[in-house]
Amino acid sequence: MPELPEVEVVRAGLEPVVTGAVVTSVVVREERSLRRHGGPAEDFAERLTGRTMLPPLRRGKFLWIPLVPRGADEHPDALLVHLGMSGQVLLRDRTVEDRLTRIRVDVDSPGHGPLRLAFVDQRMFGSMALDRLVPTGVVGERVPAQVAHIARDPLDPRFSDAAFLAALRARRTGIKRALLDQTLVSGIGNIYADEALWAARVHYDEPAAALGRVRAARVLAEVRLVLARALEEGGTSFDAQYVNVNGASGYFSRSLRVYGRQGEPCPRCGRPIVRERFMNRGSHLCPRCQRRPSPLPPVPLAEV
DNA sequence: ACACAAACCTGCCGGC
DNA sequence: TGCCGGCAGGTTTGTG
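Residues numbered from 1 in each chain as written. Chains lettered and ligands numbered in written order. Predicted model: local features only at pLDDT ≥ 70, side-chain atom pairs only at ≥ 80, totals over all residues. Heavy atoms only, no water.

**Focus: the protein's contact with DNA strand B**
Here is step 1: Neighbouring DNA strand B are the residues R32, R35, R99, Q122, R123, M124, F125, R171, R172, T173, R177 and N280.
Here is step 2: Within 4 Å of the protein, the contacting atoms of DNA strand B are 67% sugar and phosphate, with bases supplying the remainder.
Here is step 3: With respect to DNA strand B, the side chain of Q122 contributes an N or O atom lying 3.1 Å from a sugar or linking oxygen.
Here is step 4: Taking N280, its side chain carries an N or O atom lying 3.5 Å from a phosphate oxygen of DNA strand B.
Here is step 5: Split into classes, the residues belonging to the surface near DNA strand B amount to 2 nonpolar, 3 polar and 7 charged. (Near = heavy atom within 4 Å. Polar contact = N/O pair within 3.5 Å; in protein donor to acceptor, adjacent residues only side chain to side chain. Nonpolar A, V, L, I, M, F, W, Y, C, P; charged D, E, K, R; others polar.)

The structure is reproduced here in structure tokens:
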């Protein structure tokens with residue numbers, strides 16, 4: 001369940017259950033699901049067993065559970081999770097078993113007793129890892145080392161609109177590329193990029209720097225709006241692949257305006273939505289509301 | 001800086 | 001029925 005709202009649904013679902021929970025046993029059934037872990041499965045299991053979990057945190061599509069350090073001088077670390085395209089974190093009774101469970105982390109939860117945190121991942125693009133926490137520059141704030149290069153997301157209170165808009169103006173690339181660049185702004189994936197651009201009436205290939213302040217701000221506002229609305233609806237689920245920690249689907253697919261709706265009328269003007277190939281994936285847009293930008297004029301020779 | 005392709009994977013769907 | 005190409009919400013890495 002990949003984009004920000006879906007990952008946040010998982011984080012929020014884990015919080016009341018795993019906070020204060022103690023890891024009693026770890027079973028790695030698929031070593032490839034530890035791609036992000038810097039070491040063998042035995043290392044992962046040994047270092048995680050016996051640890052106590054702190055409230056889960058998230059940045060963009062990365063989720064992590066900080067762990068209480070074993071000793072005062074030990075480097076703080078966290079159980080890092082990225083869901084990739086098809087990953088799930090499910091809270092289950094320990095008796096439940098299925099073949100797509102790649103990693104099992106059994107915990108004793110202070111409020112919920114013995115439980116299993118199951119990392120389920122059909123395609124194995126996601127992974128877990130133990131990662132050390134590094135300072136961000138904000139006093140008292142740390143993130144996993146693998147998250148250090150990821151920008152804050154638009155729902156982060158410390159996200160700077162002004163800095164993001166300035167960075168957009170400096171970008172010599174199209175707006176959708178910029179929105180999907182997790183080092184510029186995180187949490188946005190293919191669905192919500194298409195939805196926000198439709199809402200802002202901006203074509204995906206419009207040069208980011210040429211948007212102008214008003215339209216750029218509009219894009220950011222629509223991004224924030226669609227992420228927040230999707231979160232309220234429990235995220236976007238097209239099938240049983242994208243679910244919360246209890247295995248339940250979100251309802252935002254009903255609210256999608258363009259994603260996956262090629263051929264259907266634009267909710268605003270009635271023209272059929274089209275799907276185009278862009279960045280090796282589908283881009284959905286209304287060809288009337290989102291006009292393709294005219295090519296940039298050639299740079300005069302005198303300026304070269 | 002930026003664009004692009006490939007790599008990492010499984011499963012489903014439509015067409016033949 | 002079976003096979004095959006195309007499709008899927010992500011990130012990283014290497015090349016140009």
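From this point, the discussion proceeds with the structure in view.
**Quick look at the sheet that holds strand β2 (residues 57–59)**
Here is step 1: As summarised here, the arrangement of the 5 strands in space is β2-β3-β4-β8-β9, forming an open sheet in which the pairing is antiparallel. One side of each edge strand has no neighbouring strand; the edge strands of this open sheet are β2 and β9 (142–144). When strand polarity is set aside, the average angle formed by the axes of neighbouring strands in this sheet is 35 degrees.
Here is step 2: Here strand β3 (residues 62–66) runs beside strand β4 (residues 77–82); their pairing, made up of 5 bridges, is antiparallel. The residue bridging F62 from the neighbouring strand is H82, located in β4.
Here is step 3: Docked against the sheet, helix α1 (residues 4–18) engages β2 and β3, running at close to 15 degrees with respect to β3.
Here is step 4: Contacts from helix α2 (residues 41–48) reach β4 and β8 (127–135) within the one sheet, and its direction differs from that of β8 by about 60 degrees. (Pairing = 2+ DSSP bridges. Helix = DSSP H or I, 4+ residues; strand = E, 2+ residues; numbered from the N terminus. Axes fitted to C-alpha atoms, helices over the stretch in contact; angles between N-to-C directions. Contact = heavy atoms within 4.5 Å.)

**A look at the confidence of the model for chain A**
Here is step 1: With 96% of its residues at a pLDDT of at least 70, chain A reaches an overall mean of 93.
Here is step 2: Segment residues 298–304 is flagged for pLDDT under 50; beyond a separation of four residues in sequence, or across chains, it makes 1 contact in the model. (pLDDT = per-residue confidence, 0-100.)

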